[in-house]
Amino acid sequence: MLKKLLSGLLGGGREGASAPSQTAEPVEYKGYLITSQPDNQSGQYRVSGTIRRPQGDGDDLEHRFERSDMVPSREACDALMVSKAQRYIDEVGDDMFAPDPRHEGNG
């Protein structure tokens, strides 16, 4: 009992405080692969994952996609990730892979 109490106080044994979830199967959209990998944060899921553009030579382009949206179920989170990523692809396209101008010249 003391071990359980100390474990709870020190954070041991807590599931999902901010643990990445299993990666979902990729969804193909207009030549891009959208993969949902939400962060489980205390029973809520944060919309996040990757958008990849296969290049054929094995050197795929990849963009990390993170949003502040939190939803209560994994399935709803995966669906929201896909719909937001599709909209992002429609609006930005391959420009998402361009270097961030805010970081140019700082190296």
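Fair warning: this is a prediction, and the values are worked out from it, not measured in the lab. Throughout this description, residue numbers start from 1 for each chain and increase along the sequence as written. Note on the predicted model: pLDDT of at least 70 is required for a residue's local features to be given, and 80 or more for side-chain atom pairs to be given and counted; whole-chain, interface and lining totals, by contrast, use all residues. Excluded from the side-chain calculations are hydrogens and water; all other atoms, namely the structure's heavy atoms, are used.

*Asks:* Before we go on, may I ask you to explain the pairing of strand 3 (residues 32–36) in this structure?
*Replies:* Residues in a regular strand project their side chains so that they alternate between the two faces of the sheet. Throughout, exposure labels follow a simple rule: accessible area from a 1.4 Å probe, protein chains only, divided by the maximum for the residue type, with under 20% read as buried, over 50% as exposed, and the rest as partly exposed. Runs of E in the DSSP output that reach at least two residues are strands. Runs of H or I that reach at least four are helices, and both are numbered from the N terminus. Strand 3 sits mainly inside the fold: four of its five residues count as buried. Paired strands, as defined in this entry, are two strands with at least two bridges between them according to DSSP. Both strand 2 (residues 27–29) and strand 3 contribute to a ladder of three bridges, which runs antiparallel. The residue bridging glutamate 28 from the neighbouring strand is leucine 33, located in strand 3. Turn length for the strand 2-strand 3 hairpin, with the two strands adjacent in sequence and antiparallel, is two residues, and the turn residue lysine 30 shows positive phi of about 55°. Bridge analysis of strand 3 against strand 5 (residues 44–53) gives four bridges, and the strand direction is antiparallel.

*Asks:* Teacher, can you tell me more about the packing of aromatic side chains here?
*Replies:* The relation between two aromatic rings is expressed through the spacing of the ring centres and the mutual angle of the planes. In this analysis, rings of Phe, Tyr and Trp, with Trp reduced to its six-membered ring, are considered paired at centre separations within 6.5 Å, and the interplanar angle assigns stacked below 30 degrees, edge-to-face beyond 60, and tilted for intermediate values. Under the definition given, this model contains two aromatic pairs. Considering the side-chain rings of tyrosine 32 and phenylalanine 97, the 6.4 Å spacing of their centres and the 20° angle between planes classify their relative orientation as stacked. Of this pair, tyrosine 32 sits in strand 3 while phenylalanine 97 sits in the segment after helix 2 (74–92), placing them 65 residues apart in sequence. Judged by relative accessible area, tyrosine 32 falls into the buried class, the value being 5%. Its relative accessible area of 19% is what places phenylalanine 97 among the buried residues.

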